[in-house]
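The residues making up each chain are set out below.
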Amino acid sequence: DTPLQAFFRCFAVQRNFVSLTKPFTGSPDMFCFNVLRTLSMLWVILAHTVYFAMDVNSLGNKDVVLTQMLPTAWFVLVPTADLAVDCFFYLSGFLATLHLLVFFQTNHPKGLEYELPGPRLDARKGMQIWLGVIVDRYIRLTPLYCLVLLTYWLVVPHMGSGPLWPHVKEIVGQCDENHWYNLLYVNNWLPKEIDKSCMSWTWYLANDLQFTVLAPLVTYLLHRYQLTGLVLTGGLFITSLFLNHKYYFGDPFKERPYCRIPPYLYGVWGGWLLLHLRPSLEKGEELPTRSVSSEVQMPVRLRCSLFALGTSLLSSCIILVWWGFASWLKGHYLDLWLQKFTSVYQRGAWGLGLNCLLLPILLGWGQSVLQGWAWAVLARLTYAAYLVHPVCMMLYFGNGYNSPTLTPIQYVVWVLLFMVLSYSMAVGFYLVCEGPCVHVKRWLKQVYTR
């Protein structure tokens, strides 16, 4: 094909459908990330179903939901869904570190061991790498983000009617003045009034891009000056705990990067540790597709201990966060240690639990259970599903003509409905935007290297 023909082929629906449905081609050990990404997304949908039902539809039994249903163990995953977003931050940190460390490692002279220092980067080359990583991430996130934002801002207001629809239009109308905060990825800082945010659920993307700004520096230090890199990341972690301890009240605070960075840092440490355990790569080798478990052996007792510790930490975080939320809804006084944990230390404990749980899996334990074609497909749809699932909920609840009563059965029906609708819409957005953008980016690299 000529370059122009190759460019237009990037938008072929059939080609993008094949890209969406193809089997996972990465390292067998990385299957667990597809599972974690998918389950975290489903967890977010599960929780947002209740929140958007109360916000848009004003449930007829809202008081009952708050005082009698949410405090029960059956709804434990609703108030704790904030931890699902921390899984996304962990994955971002882990994968960014893994890819960047492999990039730095492959610049070693052939034959040097990973532990030995590699060639230094001059300032110009370092700046090019730093800007390249940020631009690459911006290009990866922004096209689909813009398309969903434009659809939400300009199309959704014309897709409904009824007594509840003016409230939806009022929510969407916040984008009239504040949409540019989203495109600059500063919507976790501005506007200061959280109820004036455009697509309020996208604060996660702003944090993700801001963490990406730090990723090249942190990973290069971990590669070239390991002690300095560990001290820097440890300092960032301690600073985050201090700021969490000092300013741990208020919704806007929980969207700030200094509040959200602990799981990302644990992902950085996890990626560094995984690559540090394996033999060195040869110069020019891409991110390997061979299994790490074939190269690194971990004693069964150690694997079981780490797995048990990780499971215990994650379970404890969920239980304690739910307990604090339930006690607060019932009007009970929270002990200071519980207040501090649910607002300060939970993210650090969650990140540590993810590392302990995933490290044995990444080293080859339980791969057969986690491998599956469906996990790979759903994982590729995660970004689009995250962007569009609140739009589905607002369209559904905003077009109602009364305030329904939420029951456990009705809740299950809504959750299943929104899962199907969200992923169905995600398929469409992937085929017309996300998939073509991935192919266009590869096309640009091929044209540039010719």
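Because the structure is predicted, anything quoted here is derived from the model rather than measured. (Residues numbered from 1 in each chain as written. Predicted model: local features only at pLDDT ≥ 70, side-chain atom pairs only at ≥ 80, totals over all residues. Heavy atoms only, no water.)

Asks: I would appreciate a short explanation of the state of the cysteines in the present structure.
Replies: Between two cysteines, a covalent bond joining their sulfur atoms is known as a disulfide. What the rule picks out here adds up to 1 disulfide. Here Cys10 is not disulfide-linked; the sulfur of Cys437 is the nearest cysteine sulfur, at 9.7 Å. Take Cys10: its relative accessible area is 1%, and that puts it in the buried class. Between Cys433, a cysteine without a disulfide, and Cys437, which holds the nearest cysteine sulfur, the sulfur-to-sulfur distance is 4.2 Å. Judged by relative accessible area, Cys433 falls into the buried class, the value being 8%. (Disulfide = S-S within 2.5 Å. Buried < 20%, exposed > 50% of the residue type's maximum accessible area, 1.4 Å probe, protein only.)

Asks: Just to check I follow, could you spell out the environment of Gly324 for this structure?
Replies: Within the fold, Gly324 resides in helix α12 (residues 300-329). Under the relative-accessibility criterion, Gly324 is labelled buried at 5%. As a C-alpha pair, Gly324 and Gln339 span 15 residues in sequence and 7.2 Å in three-dimensional space. (Helix = DSSP H or I, 4+ residues; strand = E, 2+ residues; numbered from the N terminus.)

Asks: Sorry, what's going on with the pattern of salt bridges here?
Replies: Two side chains with opposite charge may pair up if their charged atoms get near one another. Within the structure shown, the criterion is met by 7 salt bridges. For Asp82, the salt bridge identified is with Arg347, shortest N-O distance 3.1 Å. One end of the pair, Asp82, is in helix α5 (residues 82-105); the other, Arg347, is in helix α13 (residues 336-362), with 265 residues separating them in the sequence. Accessibility expressed as a relative area gives 22% for Asp82, which makes it partly exposed. Its relative accessible area of 5% is what places Arg347 among the buried residues. Beyond isolated ion pairs, a larger network of salt bridges with shared partners links Asp82, Asp86, Arg260 and Arg347. (Salt bridge = Lys/Arg side-chain N within 4 Å of Asp/Glu carboxyl O.)

Note that all results are geometric; they support no functional claim without further evidence.
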